[in-house]
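Residue-level structure breakdown
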Amino acid sequence: MSFVREPLSKATAMQLFKNLCLARRSEEYIDEHEPENLTRTPMHTSMSQEFACVGVCTAPERQAGVFTSYRSHAAFLAQTYDTDQVFSGLYGCTSSTSSEDEKRRDPEEFRRMLDQEYPRGRLDTPEEAAAAVAFLCSAEASLVNRQHHGRRRPEPGPLRHERRFGRHDGQLPDGAASVSSRQPRSTIDSPPGERLSVKDEAIYRRLFRTALLIRLVEERIIELYPTDKIQSPVHLSIGQEAVAVGVCDGLRPDDLVFATYRSHGFYIAKGGSLDAMFAELYGRKGGVSGGKAGSMHLSAPEVGLMGSSAVVASTIPHAVGAALSFKRRGASRIAVAVFGDGATEEGVYHESLNFAALMKVPVLFVCEDNGLAVHSHRRVRQSYRLADHAASFGIAGRRLEEGWDMLAIRKATLEAAAKVRAGEPFVLEIVTSRYKEHVGIGEDFHFNYRTRDAVDAWKRRDPLIVDQKLVAAVRPDIEREIEAAVAFAEASPTPGHAELLTDVI
Ligand SMILES: Cc1ncc(C[n+]2csc(CCOP(=O)(O)OP(=O)(O)O)c2C)c(N)n1
Ligand SMILES: [Mg+2]
(Lines give C-alpha, C1' and ligand atoms only; values in the text may rest on other atoms or scores of the structure.)
(Ligands and ions follow the chains in the order given, each with its own letter.)
Protein backbone atom coordinates (compact mmCIF):
# COMPACT_ATOMS: atom_id res chain seq x y z
CA MET A 1 0.00 0.00 0.00
CA SER A 2 1.43 3.41 -0.85
CA PHE A 3 0.16 6.95 -0.94
CA VAL A 4 1.48 10.26 -2.13
CA ARG A 5 2.42 12.75 0.53
CA GLU A 6 2.46 16.51 0.21
CA PRO A 7 5.74 17.93 1.50
CA LEU A 8 5.16 19.69 4.81
CA SER A 9 5.45 23.46 4.74
CA LYS A 10 7.84 24.90 7.29
CA ALA A 11 5.02 26.67 9.08
CA THR A 12 3.00 23.47 9.38
CA ALA A 13 6.04 21.56 10.62
CA MET A 14 6.63 24.20 13.28
CA GLN A 15 3.03 24.11 14.36
CA LEU A 16 3.22 20.35 14.65
CA PHE A 17 6.23 20.59 16.94
CA LYS A 18 4.53 23.20 19.01
CA ASN A 19 1.37 21.21 19.46
CA LEU A 20 3.24 18.03 20.12
CA CYS A 21 5.38 19.69 22.80
CA LEU A 22 2.34 21.22 24.34
CA ALA A 23 0.47 17.95 24.51
CA ARG A 24 3.41 15.92 25.79
CA ARG A 25 4.59 18.45 28.32
CA SER A 26 1.07 19.07 29.61
CA GLU A 27 0.59 15.44 30.38
CA GLU A 28 4.00 15.09 31.93
CA TYR A 29 3.14 17.98 34.16
CA ILE A 30 -0.13 16.36 35.16
CA ASP A 31 1.71 13.15 35.82
CA GLU A 32 4.46 14.73 37.89
CA HIS A 33 1.90 16.49 40.06
CA GLU A 34 -0.36 13.53 40.51
CA PRO A 35 0.81 12.77 44.07
CA GLU A 36 -0.53 16.18 45.06
CA ASN A 37 -3.93 14.87 44.20
CA LEU A 38 -4.89 17.98 42.30
CA THR A 39 -6.89 16.47 39.51
CA ARG A 40 -10.58 15.95 40.11
CA THR A 41 -11.39 13.65 37.26
CA PRO A 42 -10.23 10.25 36.07
CA MET A 43 -7.22 10.74 33.83
CA HIS A 44 -6.75 9.12 30.43
CA THR A 45 -3.42 10.36 29.20
CA SER A 46 -2.23 9.94 25.65
CA MET A 47 1.53 10.11 26.08
CA SER A 48 3.33 8.56 23.11
CA GLN A 49 0.15 8.45 21.07
CA GLU A 50 -0.32 12.19 20.61
CA PHE A 51 0.97 12.10 17.05
CA ALA A 52 -2.24 11.08 15.34
CA CYS A 53 -4.54 13.65 16.84
CA VAL A 54 -1.95 16.38 16.82
CA GLY A 55 -1.33 15.62 13.15
CA VAL A 56 -5.01 15.71 12.32
CA CYS A 57 -5.75 18.82 14.35
CA THR A 58 -2.79 20.67 12.90
CA ALA A 59 -3.94 20.00 9.36
CA PRO A 60 -4.70 23.04 7.22
CA GLU A 61 -8.42 22.37 7.61
CA ARG A 62 -8.02 23.08 11.27
CA GLN A 63 -11.29 24.92 11.52
CA ALA A 64 -13.07 21.59 10.97
CA GLY A 65 -14.98 20.24 13.96
CA VAL A 66 -13.18 17.52 15.90
CA PHE A 67 -14.96 14.84 17.88
CA THR A 68 -12.67 12.95 20.17
CA SER A 69 -12.73 10.22 22.76
CA TYR A 70 -12.19 10.61 26.51
CA ARG A 71 -8.45 10.53 25.73
CA SER A 72 -8.70 14.07 24.52
CA HIS A 73 -6.03 16.32 26.02
CA ALA A 74 -3.81 16.38 22.95
CA ALA A 75 -6.63 17.07 20.50
CA PHE A 76 -8.04 19.77 22.73
CA LEU A 77 -4.71 21.52 23.08
CA ALA A 78 -3.87 21.21 19.41
CA GLN A 79 -7.23 22.71 18.50
CA THR A 80 -7.30 25.48 21.06
CA TYR A 81 -3.77 25.95 22.38
CA ASP A 82 -5.55 26.81 25.60
CA THR A 83 -3.88 25.25 28.60
CA ASP A 84 -6.01 27.27 31.00
CA GLN A 85 -9.11 25.45 29.90
CA VAL A 86 -7.55 22.03 30.19
CA PHE A 87 -6.06 22.59 33.60
CA SER A 88 -9.09 24.38 34.97
CA GLY A 89 -11.18 21.44 33.87
CA LEU A 90 -8.86 18.84 35.30
CA TYR A 91 -8.23 20.62 38.57
CA GLY A 92 -11.83 21.67 39.01
CA CYS A 93 -11.09 25.36 39.44
CA THR A 94 -11.18 28.62 37.56
CA SER A 95 -8.13 30.76 36.89
CA SER A 96 -9.40 33.38 39.39
CA THR A 97 -8.50 31.32 42.43
CA SER A 98 -7.93 32.73 45.86
CA SER A 99 -7.04 30.23 48.58
CA GLU A 100 -3.47 29.06 48.94
CA ASP A 101 -4.47 25.53 48.14
CA GLU A 102 -6.24 26.56 44.98
CA LYS A 103 -3.40 28.77 43.92
CA ARG A 104 -1.28 25.66 43.74
CA ARG A 105 -3.70 24.39 41.13
CA ASP A 106 -3.55 27.58 39.16
CA PRO A 107 -2.94 26.78 35.48
CA GLU A 108 -0.64 29.80 35.38
CA GLU A 109 1.94 27.71 37.17
CA PHE A 110 1.94 25.30 34.32
CA ARG A 111 2.01 28.06 31.74
CA ARG A 112 5.03 29.61 33.39
CA MET A 113 6.80 26.28 33.42
CA LEU A 114 5.94 25.63 29.81
CA ASP A 115 6.96 29.09 28.69
CA GLN A 116 10.22 28.69 30.49
CA GLU A 117 11.03 25.52 28.62
CA TYR A 118 9.36 26.38 25.34
CA PRO A 119 8.61 30.07 25.20
CA ARG A 120 5.84 30.58 22.70
CA GLY A 121 7.10 32.09 19.49
CA ARG A 122 10.48 30.49 19.91
CA LEU A 123 9.78 27.42 17.88
CA ASP A 124 9.83 29.30 14.63
CA THR A 125 13.32 28.42 13.47
CA PRO A 126 14.75 25.04 12.47
CA GLU A 127 17.16 25.19 15.38
CA GLU A 128 14.36 25.67 17.87
CA ALA A 129 12.35 22.95 16.21
CA ALA A 130 15.34 20.63 16.44
CA ALA A 131 15.58 21.46 20.12
CA ALA A 132 11.93 20.62 20.48
CA VAL A 133 12.48 17.30 18.76
CA ALA A 134 15.39 16.56 21.05
CA PHE A 135 13.19 17.32 23.98
CA LEU A 136 10.48 15.02 22.72
CA CYS A 137 13.01 12.25 22.19
CA SER A 138 14.33 12.61 25.68
CA ALA A 139 10.78 12.79 27.00
CA GLU A 140 10.01 9.52 25.33
CA ALA A 141 13.21 7.97 26.62
CA SER A 142 12.23 9.09 30.07
CA LEU A 143 8.84 7.50 29.62
CA VAL A 144 10.44 4.22 28.73
CA ASN A 145 13.19 4.22 31.29
CA ARG A 146 11.79 6.12 34.19
CA GLN A 147 9.27 4.74 36.64
CA HIS A 148 6.91 7.60 37.37
CA HIS A 149 5.60 7.20 40.88
CA GLY A 150 5.95 3.45 40.57
CA ARG A 151 3.20 3.20 37.93
CA ARG A 152 3.38 1.39 34.63
CA ARG A 153 4.00 3.72 31.74
CA PRO A 154 2.37 3.41 28.34
CA GLU A 155 4.37 1.52 25.77
CA PRO A 156 6.21 3.79 23.34
CA GLY A 157 5.01 3.84 19.76
CA PRO A 158 6.97 1.83 17.23
CA LEU A 159 8.52 4.92 15.66
CA ARG A 160 10.72 7.40 17.40
CA HIS A 161 10.11 11.10 17.09
CA GLU A 162 13.21 11.82 15.09
CA ARG A 163 12.10 9.35 12.45
CA ARG A 164 8.80 11.14 12.23
CA PHE A 165 9.84 14.74 12.55
CA GLY A 166 13.55 14.99 13.20
CA ARG A 167 15.06 15.26 9.75
CA HIS A 168 13.32 18.48 8.78
CA ASP A 169 13.01 17.11 5.30
CA GLY A 170 9.25 17.16 5.14
CA GLN A 171 9.08 13.38 4.87
CA LEU A 172 6.61 11.41 6.91
CA PRO A 173 7.76 8.07 8.29
CA ASP A 174 7.64 4.85 6.41
CA GLY A 175 5.34 2.10 7.51
CA ALA A 176 2.54 4.42 8.62
CA ALA A 177 0.10 2.58 6.45
CA SER A 178 0.72 -0.92 7.66
CA VAL A 179 -2.32 -3.16 7.40
CA SER A 180 -3.57 -5.86 9.70
CA SER A 181 -1.76 -9.13 9.20
CA ARG A 182 -4.83 -11.11 10.21
CA GLN A 183 -5.99 -13.22 7.31
CA PRO A 184 -9.28 -15.02 6.97
CA ARG A 185 -9.04 -18.73 7.61
CA SER A 186 -11.06 -19.53 4.54
CA THR A 187 -13.99 -18.35 2.52
CA ILE A 188 -16.00 -21.00 0.85
CA ASP A 189 -18.00 -20.23 -2.25
CA SER A 190 -21.38 -21.80 -2.77
CA PRO A 191 -20.97 -25.16 -4.50
CA PRO A 192 -22.42 -24.55 -7.98
CA GLY A 193 -25.73 -26.29 -8.21
CA GLU A 194 -24.72 -29.11 -5.86
CA ARG A 195 -27.60 -31.03 -4.35
CA LEU A 196 -28.07 -33.93 -2.04
CA SER A 197 -29.31 -36.91 -3.92
CA VAL A 198 -33.02 -36.79 -4.72
CA LYS A 199 -32.98 -40.45 -3.76
CA ASP A 200 -32.99 -39.22 -0.23
CA GLU A 201 -36.70 -38.98 -0.55
CA ALA A 202 -37.44 -39.53 3.13
CA ILE A 203 -35.46 -36.47 4.18
CA TYR A 204 -37.07 -34.37 1.46
CA ARG A 205 -40.58 -35.40 2.52
CA ARG A 206 -39.82 -34.64 6.15
CA LEU A 207 -38.52 -31.19 5.30
CA PHE A 208 -41.34 -30.54 2.88
CA ARG A 209 -44.00 -31.40 5.45
CA THR A 210 -42.54 -29.03 8.04
CA ALA A 211 -42.17 -26.26 5.46
CA LEU A 212 -45.77 -26.71 4.37
CA LEU A 213 -46.88 -26.69 8.01
CA ILE A 214 -45.21 -23.30 8.47
CA ARG A 215 -46.76 -21.96 5.26
CA LEU A 216 -50.25 -23.15 6.13
CA VAL A 217 -49.97 -21.89 9.71
CA GLU A 218 -49.17 -18.43 8.39
CA GLU A 219 -51.94 -18.61 5.79
CA ARG A 220 -54.32 -19.47 8.63
CA ILE A 221 -53.01 -16.45 10.53
CA ILE A 222 -53.85 -14.33 7.48
CA GLU A 223 -57.43 -15.66 7.57
CA LEU A 224 -57.78 -15.11 11.32
CA TYR A 225 -56.12 -11.71 11.51
CA PRO A 226 -59.11 -9.56 10.43
CA THR A 227 -61.17 -11.06 13.28
CA ASP A 228 -58.84 -9.38 15.79
CA LYS A 229 -58.50 -12.58 17.75
CA ILE A 230 -54.77 -12.43 17.23
CA GLN A 231 -53.55 -9.83 19.66
CA SER A 232 -50.07 -9.25 18.33
CA PRO A 233 -48.46 -7.79 15.21
CA VAL A 234 -47.30 -10.56 12.90
CA HIS A 235 -44.14 -10.67 10.75
CA LEU A 236 -44.81 -13.45 8.30
CA SER A 237 -42.08 -15.60 6.82
CA ILE A 238 -44.06 -16.90 3.85
CA GLY A 239 -41.44 -17.50 1.16
CA GLN A 240 -38.66 -18.04 3.69
CA GLU A 241 -39.75 -21.37 5.20
CA ALA A 242 -36.98 -23.39 3.59
CA VAL A 243 -34.38 -21.52 5.63
CA ALA A 244 -35.91 -22.42 8.99
CA VAL A 245 -36.57 -25.99 7.96
CA GLY A 246 -33.20 -26.66 6.33
CA VAL A 247 -31.23 -25.06 9.15
CA CYS A 248 -33.08 -26.76 12.01
CA ASP A 249 -32.87 -30.15 10.32
CA GLY A 250 -29.10 -29.72 10.02
CA LEU A 251 -28.75 -29.23 13.78
CA ARG A 252 -28.83 -31.65 16.65
CA PRO A 253 -31.89 -31.52 18.90
CA ASP A 254 -29.93 -30.06 21.81
CA ASP A 255 -28.36 -27.26 19.76
CA LEU A 256 -29.84 -23.88 20.64
CA VAL A 257 -31.44 -21.37 18.28
CA PHE A 258 -31.83 -17.64 18.99
CA ALA A 259 -34.20 -16.04 16.56
CA THR A 260 -35.97 -12.84 15.52
CA TYR A 261 -39.47 -11.37 15.48
CA ARG A 262 -40.01 -13.18 12.13
CA SER A 263 -39.69 -16.59 13.68
CA HIS A 264 -42.86 -18.62 13.38
CA GLY A 265 -40.84 -20.80 11.02
CA PHE A 266 -37.93 -21.41 13.36
CA TYR A 267 -40.27 -22.00 16.30
CA ILE A 268 -42.12 -24.70 14.37
CA ALA A 269 -39.06 -26.20 12.68
CA LYS A 270 -37.28 -26.56 16.03
CA GLY A 271 -40.29 -28.42 17.35
CA GLY A 272 -42.25 -25.83 19.33
CA SER A 273 -45.83 -26.68 20.29
CA LEU A 274 -48.39 -25.43 17.76
CA ASP A 275 -51.10 -25.20 20.43
CA ALA A 276 -48.94 -22.96 22.60
CA MET A 277 -47.98 -20.83 19.61
CA PHE A 278 -51.55 -20.05 18.56
CA ALA A 279 -52.52 -19.45 22.19
CA GLU A 280 -49.63 -17.00 22.45
CA LEU A 281 -50.76 -15.15 19.35
CA TYR A 282 -54.25 -15.00 20.83
CA GLY A 283 -52.85 -13.56 24.07
CA ARG A 284 -54.16 -16.51 26.08
CA LYS A 285 -52.86 -18.22 29.21
CA GLY A 286 -52.05 -21.37 27.28
CA GLY A 287 -49.49 -19.49 25.21
CA VAL A 288 -45.77 -20.12 25.40
CA SER A 289 -45.40 -17.07 27.61
CA GLY A 290 -48.87 -17.01 29.09
CA GLY A 291 -50.05 -14.76 26.27
CA LYS A 292 -47.77 -11.87 27.16
CA ALA A 293 -45.02 -12.22 24.57
CA GLY A 294 -46.90 -12.44 21.30
CA SER A 295 -45.66 -13.36 17.87
CA MET A 296 -42.44 -11.37 18.10
CA HIS A 297 -41.14 -13.05 21.26
CA LEU A 298 -41.80 -16.72 20.76
CA SER A 299 -39.69 -19.16 22.68
CA ALA A 300 -39.62 -22.88 23.31
CA PRO A 301 -36.57 -23.59 25.45
CA GLU A 302 -37.68 -27.19 25.92
CA VAL A 303 -36.81 -27.80 22.26
CA GLY A 304 -33.92 -25.31 22.05
CA LEU A 305 -35.70 -22.26 20.60
CA MET A 306 -34.29 -19.96 23.23
CA GLY A 307 -36.04 -16.76 22.31
CA SER A 308 -36.84 -14.20 19.70
CA SER A 309 -37.01 -10.46 19.95
CA ALA A 310 -38.51 -7.38 18.34
CA VAL A 311 -35.26 -5.54 18.89
CA VAL A 312 -33.25 -6.07 15.72
CA ALA A 313 -30.00 -8.03 16.28
CA SER A 314 -30.53 -8.30 20.02
CA THR A 315 -30.46 -12.09 20.18
CA ILE A 316 -27.15 -12.39 18.32
CA PRO A 317 -24.99 -11.78 21.41
CA HIS A 318 -27.22 -14.14 23.39
CA ALA A 319 -26.24 -16.92 21.01
CA VAL A 320 -22.57 -16.00 21.39
CA GLY A 321 -22.95 -16.09 25.18
CA ALA A 322 -24.59 -19.51 25.06
CA ALA A 323 -21.79 -20.73 22.81
CA LEU A 324 -19.20 -19.46 25.28
CA SER A 325 -20.98 -21.42 27.99
CA PHE A 326 -20.88 -24.58 25.85
CA LYS A 327 -17.18 -24.11 25.29
CA ARG A 328 -16.45 -23.58 28.97
CA ARG A 329 -18.40 -26.67 29.92
CA GLY A 330 -16.78 -28.74 27.21
CA ALA A 331 -20.15 -29.51 25.61
CA SER A 332 -20.30 -30.47 21.94
CA ARG A 333 -23.45 -28.40 21.41
CA ILE A 334 -23.60 -25.30 19.26
CA ALA A 335 -25.62 -22.09 19.40
CA VAL A 336 -27.23 -20.59 16.31
CA ALA A 337 -27.87 -16.88 15.89
CA VAL A 338 -30.58 -16.28 13.29
CA PHE A 339 -30.99 -12.73 12.01
CA GLY A 340 -31.98 -10.74 8.95
CA ASP A 341 -29.70 -8.92 6.53
CA GLY A 342 -30.74 -5.63 8.14
CA ALA A 343 -29.51 -6.83 11.53
CA THR A 344 -25.96 -6.96 10.20
CA GLU A 345 -26.03 -3.15 10.14
CA GLU A 346 -26.31 -3.08 13.93
CA GLY A 347 -23.11 -2.56 15.90
CA VAL A 348 -23.80 -5.57 18.09
CA TYR A 349 -23.49 -7.87 15.08
CA HIS A 350 -19.91 -6.72 14.55
CA GLU A 351 -19.09 -6.95 18.25
CA SER A 352 -20.49 -10.45 18.33
CA LEU A 353 -18.39 -11.57 15.37
CA ASN A 354 -15.30 -10.11 16.96
CA PHE A 355 -15.91 -11.77 20.32
CA ALA A 356 -16.79 -15.10 18.72
CA ALA A 357 -13.66 -15.02 16.57
CA LEU A 358 -11.36 -14.16 19.45
CA MET A 359 -12.86 -16.67 21.86
CA LYS A 360 -13.46 -19.33 19.20
CA VAL A 361 -16.89 -20.15 20.51
CA PRO A 362 -19.16 -22.67 18.79
CA VAL A 363 -21.66 -20.27 17.26
CA LEU A 364 -23.24 -20.44 13.82
CA PHE A 365 -24.40 -17.11 12.46
CA VAL A 366 -27.31 -17.63 10.05
CA CYS A 367 -28.41 -14.64 8.02
CA GLU A 368 -31.87 -14.90 6.48
CA ASP A 369 -31.06 -12.64 3.59
CA ASN A 370 -34.33 -11.49 2.07
CA GLY A 371 -32.50 -8.35 0.90
CA LEU A 372 -35.06 -6.16 2.65
CA ALA A 373 -35.25 -4.19 5.87
CA VAL A 374 -38.77 -2.84 6.29
CA HIS A 375 -39.10 -0.81 3.06
CA SER A 376 -35.51 -0.49 1.96
CA HIS A 377 -33.50 -2.76 -0.27
CA ARG A 378 -30.06 -3.91 0.72
CA ARG A 379 -28.38 -2.11 -2.20
CA VAL A 380 -29.23 1.26 -0.62
CA ARG A 381 -28.12 0.12 2.84
CA GLN A 382 -24.98 -1.96 2.65
CA SER A 383 -21.55 -1.47 1.15
CA TYR A 384 -20.23 -4.86 2.22
CA ARG A 385 -20.68 -8.50 1.28
CA LEU A 386 -21.46 -10.57 4.30
CA ALA A 387 -19.04 -13.46 3.77
CA ASP A 388 -16.19 -11.07 2.90
CA HIS A 389 -17.01 -8.99 5.93
CA ALA A 390 -16.92 -12.10 8.15
CA ALA A 391 -13.54 -12.98 6.65
CA SER A 392 -12.16 -9.70 7.93
CA PHE A 393 -12.77 -11.09 11.43
CA GLY A 394 -11.08 -14.33 10.48
CA ILE A 395 -14.47 -16.07 10.33
CA ALA A 396 -15.26 -18.31 7.39
CA GLY A 397 -18.49 -17.62 5.59
CA ARG A 398 -20.65 -18.93 2.80
CA ARG A 399 -23.42 -17.37 0.77
CA LEU A 400 -26.06 -19.81 -0.43
CA GLU A 401 -28.14 -18.41 -3.28
CA GLU A 402 -30.63 -21.29 -3.46
CA GLY A 403 -32.68 -20.32 -0.45
CA TRP A 404 -35.73 -22.21 -1.73
CA ASP A 405 -33.82 -25.50 -1.69
CA MET A 406 -34.38 -27.16 1.68
CA LEU A 407 -31.96 -29.98 1.01
CA ALA A 408 -29.17 -27.62 -0.02
CA ILE A 409 -29.74 -25.53 3.09
CA ARG A 410 -29.73 -28.62 5.29
CA LYS A 411 -26.47 -29.79 3.75
CA ALA A 412 -24.86 -26.37 4.08
CA THR A 413 -25.94 -26.28 7.72
CA LEU A 414 -24.56 -29.75 8.42
CA GLU A 415 -21.22 -28.73 6.94
CA ALA A 416 -21.12 -25.40 8.75
CA ALA A 417 -22.25 -26.94 12.04
CA ALA A 418 -19.42 -29.49 11.83
CA LYS A 419 -16.88 -26.66 11.62
CA VAL A 420 -18.60 -24.78 14.43
CA ARG A 421 -18.64 -27.86 16.64
CA ALA A 422 -14.89 -28.06 16.10
CA GLY A 423 -14.58 -24.56 17.55
CA GLU A 424 -14.71 -22.29 14.50
CA PRO A 425 -17.54 -19.73 14.29
CA PHE A 426 -19.15 -19.62 10.85
CA VAL A 427 -21.38 -17.21 8.94
CA LEU A 428 -23.98 -18.83 6.70
CA GLU A 429 -25.87 -16.37 4.56
CA ILE A 430 -28.97 -17.79 2.89
CA VAL A 431 -30.65 -15.78 0.17
CA THR A 432 -34.41 -15.92 0.43
CA SER A 433 -37.57 -14.00 -0.44
CA ARG A 434 -40.26 -12.46 1.75
CA TYR A 435 -43.54 -12.60 -0.16
CA LYS A 436 -45.65 -10.48 2.19
CA GLU A 437 -45.25 -6.99 3.59
CA HIS A 438 -42.75 -6.35 6.39
CA VAL A 439 -45.35 -6.60 9.15
CA GLY A 440 -48.93 -7.63 8.64
CA ILE A 441 -50.80 -9.88 6.28
CA GLY A 442 -50.89 -7.85 3.06
CA GLU A 443 -48.56 -7.04 0.20
CA ASP A 444 -46.63 -3.83 -0.23
CA PHE A 445 -45.51 -3.56 -3.83
CA HIS A 446 -47.04 -0.09 -4.03
CA PHE A 447 -44.08 1.22 -1.99
CA ASN A 448 -41.87 0.45 -5.01
CA TYR A 449 -38.85 -0.66 -3.00
CA ARG A 450 -38.98 -4.04 -4.71
CA THR A 451 -40.70 -5.54 -7.70
CA ARG A 452 -43.46 -8.08 -8.04
CA ASP A 453 -41.42 -9.69 -10.83
CA ALA A 454 -38.60 -10.58 -8.42
CA VAL A 455 -41.02 -12.27 -6.05
CA ASP A 456 -42.77 -14.06 -8.91
CA ALA A 457 -39.42 -15.39 -10.12
CA TRP A 458 -38.79 -16.81 -6.67
CA LYS A 459 -42.24 -18.37 -6.54
CA ARG A 460 -41.51 -20.27 -9.74
CA ARG A 461 -38.79 -22.16 -7.81
CA ASP A 462 -40.68 -22.50 -4.54
CA PRO A 463 -41.29 -26.25 -3.91
CA LEU A 464 -44.38 -25.48 -1.83
CA ILE A 465 -45.88 -23.97 -4.99
CA VAL A 466 -44.25 -26.13 -7.64
CA ASP A 467 -44.67 -29.54 -6.00
CA GLN A 468 -48.46 -29.56 -5.87
CA LYS A 469 -48.61 -33.36 -5.87
CA LEU A 470 -46.81 -33.54 -2.56
CA VAL A 471 -48.83 -30.61 -1.21
CA ALA A 472 -52.03 -32.48 -1.94
CA ALA A 473 -50.70 -35.58 -0.21
CA VAL A 474 -49.78 -33.98 3.10
CA ARG A 475 -52.09 -30.97 3.30
CA PRO A 476 -55.16 -32.61 4.94
CA ASP A 477 -53.18 -33.94 7.85
CA ILE A 478 -51.48 -30.58 8.40
CA GLU A 479 -54.79 -28.73 8.28
CA ARG A 480 -56.20 -30.96 11.00
CA GLU A 481 -53.18 -30.20 13.15
CA ILE A 482 -53.62 -26.47 12.65
CA GLU A 483 -57.34 -26.51 13.40
CA ALA A 484 -56.67 -28.38 16.63
CA ALA A 485 -54.18 -25.67 17.64
CA VAL A 486 -56.61 -22.88 16.80
CA ALA A 487 -59.29 -24.63 18.86
CA PHE A 488 -56.84 -24.93 21.76
CA ALA A 489 -56.13 -21.20 21.58
CA GLU A 490 -59.80 -20.29 21.44
CA ALA A 491 -60.54 -22.45 24.47
CA SER A 492 -57.62 -21.10 26.48
CA PRO A 493 -58.60 -18.46 29.05
CA THR A 494 -57.31 -14.93 28.87
CA PRO A 495 -54.95 -13.87 31.68
CA GLY A 496 -56.84 -12.11 34.46
CA HIS A 497 -55.95 -9.23 36.74
CA ALA A 498 -54.18 -11.65 39.06
CA GLU A 499 -51.64 -12.38 36.32
CA LEU A 500 -51.11 -8.76 35.35
CA LEU A 501 -47.68 -8.56 36.92
CA THR A 502 -46.53 -12.15 36.64
CA ASP A 503 -44.00 -13.28 34.01
CA VAL A 504 -43.10 -9.70 33.16
CA ILE A 505 -39.99 -7.73 34.01
C1 LIG B 1 -32.69 -1.97 17.25
C2 LIG B 1 -33.82 -1.78 16.29
N3 LIG B 1 -33.71 -0.86 15.32
C4 LIG B 1 -34.72 -0.68 14.44
C5 LIG B 1 -35.86 -1.43 14.54
C6 LIG B 1 -36.97 -1.24 13.53
N7 LIG B 1 -36.98 -2.37 12.62
C8 LIG B 1 -37.84 -3.40 12.79
S9 LIG B 1 -37.61 -4.57 11.65
C10 LIG B 1 -36.37 -3.74 10.90
C11 LIG B 1 -35.68 -4.29 9.68
C12 LIG B 1 -34.84 -5.48 9.95
O13 LIG B 1 -34.51 -6.10 8.75
P14 LIG B 1 -33.87 -7.52 8.72
O15 LIG B 1 -32.92 -7.65 9.84
O16 LIG B 1 -33.33 -7.73 7.36
O17 LIG B 1 -35.06 -8.52 9.03
P18 LIG B 1 -36.33 -8.87 8.14
O19 LIG B 1 -37.45 -7.99 8.63
O20 LIG B 1 -36.00 -8.65 6.71
O21 LIG B 1 -36.62 -10.29 8.44
C22 LIG B 1 -36.16 -2.54 11.54
C23 LIG B 1 -35.15 -1.57 11.13
C24 LIG B 1 -35.95 -2.36 15.59
N25 LIG B 1 -37.03 -3.14 15.75
N26 LIG B 1 -34.92 -2.53 16.43
MG1 LIG C 1 -34.17 -8.58 5.72
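Description of the structure in this document. (Residues numbered from 1 in each chain as written. Chains lettered and ligands numbered in written order. Predicted model: local features only at pLDDT ≥ 70, side-chain atom pairs only at ≥ 80, totals over all residues.)

Here we come to the environment of S299. Locating S299 in the fold gives a position in the loop between α12 (274–281) and β2 (305–309). Looking at S299, the number of C-beta atoms within 10 Å reads 21, which means it is buried. Separated by 41 residues in the primary sequence, S299 and F258 place their C-alpha atoms 8.8 Å from one another. In this view, S299 contacts V288, S289, L305, M306, G307 and S308; residues no more than four positions away in its chain are not counted. (Helix = DSSP H or I, 4+ residues; strand = E, 2+ residues; numbered from the N terminus. Buried ≥ 20, exposed ≤ 12 C-beta atoms within 10 Å, placed from the backbone. Contact = placed C-beta atoms within 7 Å.)

Another point: the nonpolar core. If you look at the biggest cluster of nonpolar residues, it comprises 87 residues, and the most contacted ones within it are A335, V336, A337, V363 and L364. Once residues lying within four places of it in the same chain are set aside, the contact partners of A337 are F258, T315, I316, A319, V320, V363, F365 and V366. (Core = buried A, V, L, I, M, F, W, Y, C linked by C-beta atoms within 7 Å.)

Turning to the pairing of β2, a few remarks are in order. Of all 5 residues in β2, 4 are buried; the element is thus mostly enclosed. As paired elements, strand β1 (residues 256–260) and β2 share 4 bridges and run parallel to each other. Note on β2: the bridge partner recorded for V257 is L305. (Pairing = 2+ DSSP bridges.)

What holds strands together in a sheet is hydrogen bonding between their backbones, with the strands either parallel or antiparallel. Judged by pairing direction, the sheet is parallel, and its 6 strands sit side by side in the order β2-β1-β3-β4-β8-β7 without closing on themselves. Across the chains shown, the open sheet's two edge strands, defined by having one partner strand only, are β2 and β7 (396–400). Between one strand axis and the next, the sheet turns by 15 degrees as a mean value, whatever way the strands run. (Axes fitted to C-alpha atoms, helices over the stretch in contact; angles between N-to-C directions.)

We now examine unusual backbone geometry. Residues other than glycine seldom take positive phi values, yet A313 does so here, at roughly 75 degrees. Classification of A313 as buried rests on a count of 22 C-beta atoms within 10 Å.

Let us look at the site of ligand 1. Taken together, 15 residues surround ligand 1, and among them V312, G340, G342, A343 and A373 come closest. At the level of elements, β3 (335–340) and β5 (372–373) are the ones that each hand at least two residues to the shell around ligand 1. Its residues assigned to classes, the shell around ligand 1 comprises 8 nonpolar, 4 polar and 3 charged. (Near = placed C-beta within 6 Å. Nonpolar A, V, L, I, M, F, W, Y, C, P; charged D, E, K, R; others polar.)

Let us look at the pairing of strand β4 (residues 363–369). Here β4 lies mainly inside the structure; 7 of its 7 residues are buried. Of the strand pairs in this sheet, β3 and β4 are connected by 6 bridges, and their pairing is parallel. Residue pairing in the sheet places A337 in a bridge with F365 of β4. One ladder, built from 6 bridges, connects β4 with strand β8 (residues 426–431); its direction is parallel. By the bridge assignment, F365 is partnered in β8 with V427.

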